[in-house]
Amino acid sequence: MQTDLTTLTSMELVNTALTLQDLPPPPEGKTGWPWTEQTELILGKMSDGSEWPRISIVTPNYNYGHFIEETIRSVLLQGYPNLEYIVIDGESNDDSVEIIKKYEKCLSYWVSEKDSGQSNAINKGIRKSTGMIFNWINSDDILNLGSLYNVAYVWKERNSDILVGSGRIITSEKCIEWIPHQSISALDLALCFQGEVGMSQPSTFLNLSLVKQVGAMSEDFHYIIDYSLYINLLLSKSITRLTTINSCLSTAKLHEGAKTVSSWIKFEKEAIQMLSSVMTKFPANQRKDIKQRIYQLSVQVAVREAAMNIGFAGLAALVSLLFKNPFFVFSRFYVGALKNKLVEASIRQY
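Residues numbered from 1 in each chain as written. Predicted model: local features only at pLDDT ≥ 70, side-chain atom pairs only at ≥ 80, totals over all residues. Heavy atoms only, no water.

A. Structural detail: the overall build of the protein chain. For the protein chain, the helix and strand inventory stands at 14 helices and ten strands. In the protein chain, buried positions account for 53% of the 350 residues. A separation of at least 24 residues holds for 76% of the contacts in the protein chain among residues at least 6 apart in sequence. For the protein chain, the computed accessible surface area is about 16,700 Å², with 52% contributed by carbon and sulfur atoms. (Helix = DSSP H or I, 4+ residues; strand = E, 2+ residues; numbered from the N terminus. Buried < 20%, exposed > 50% of the residue type's maximum accessible area, 1.4 Å probe, protein only. Contact = heavy atoms within 4.5 Å. Areas by Shrake-Rupley, 256 points an atom, 1.4 Å probe, with all protein chains shown as cover.)

B. Structural context of the pairing of strand S5 (residues 133–136). Side chains Ile133 and Asn135 project from S5 onto one buried face, and the interleaved Phe134 and Trp136 project onto a second face that is buried too. Summarising the sheet, strand S2 (residues 55–61) and S5 pair through four bridges and their orientation is parallel. Across the sheet, the residue bridging to serine 56 is phenylalanine 134, located in S5. Pairing between S5 and strand S9 (residues 204–207): two bridges, direction antiparallel. (Pairing = 2+ DSSP bridges.)

C. Focus on the nonpolar core. Judged by nonpolar contacts, the single largest core of 52 residues is most densely connected at Phe134, Ile162, Tyr227, Ile231 and Leu275. Among residues more than four places away in sequence, those in contact with leucine 275 are Ala190, Tyr227, Ile231, Ile290, Arg293, Ile294 and Leu297. Counting 37 residues, the second largest nonpolar core, distinct from the first, contains Val97, Leu148, Val151 and Phe205. (Core = buried A, V, L, I, M, F, W, Y, C linked by side-chain atoms within 4.5 Å.)

D. Main features of the pairing of strand S8 (residues 175–178). Alignment of strand S7 (residues 162–170) against S8, held across four bridges, turns out to be antiparallel. Looking at the pairing, glycine 167 lines up with tryptophan 178 of S8. In textbook terms, the turn of a hairpin is the stretch between consecutive antiparallel strands, and for S7 and S8 this stretch comprises four residues.

Shown next, in the form of structure tokens:
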């Protein structure tokens, strides 16, 4: 099932900044942003007399009906006058489609059909997108109040190709804010994961035409789709300016069902695969650092897999790694895991 409002008269509504009165009422008991609050409407043109740049937002979703309504409202209530909002659902079997239908008159396009995963869903949205600025907002994340105004204003002012804002990460225990480093290169990102340079995905906005040039999302990956895309963009000679701002643009929720929480070892395995495939795109003098990073990740994966075994089985697996690669002993990660397994094994024996 799908709805494409580009052929309907209600498209006039889609291209107009929306208010609370234009949206369905929030569920009972829901207050604050984005339930009973909205961003102030952006009226008129930009300060230089130009139109506000079109911003295309895609939300991929599969069975996140308990989150997606908040996501949808946080995008629609940005008060932004040139928004293209696309929702790609993977044929959810919860109440996701029912919720999406509530907001369909305000969406540029939506569809619910089987896909092969998140990257495939985002690629479908990219093919439908026509804006200058692009991002995807997962259905368990939200845009913060006034984010799109800040993005558009700075984007035009600094002639950006990538704009990275701060991002709030909420866990069951605490709230963390990722603040981007002032300068982020492909090498910086390759030698760590995004949190270490403060590159929050829902707070990272991209030049849509360049995303399409580099081939959008690699559907070979399911866990590092943003990490892979950013590195490929930064390696592209078409990228001329990455801009960072301290404005907190988004809030991401880390919960038990989130891939980041439940499958970290899979992130590392895909990172090894991706860095190995792009190594030759880096300058020759940087490849040694990339090789070292791949080795470091390989150690961590091997140790994690061995440590998942319990008792003496885990200890034996760790020791066997030394026979495969004696240099593991110089890894602090390996030594720590070995120490923990020795303690665990001695306690079990006692």
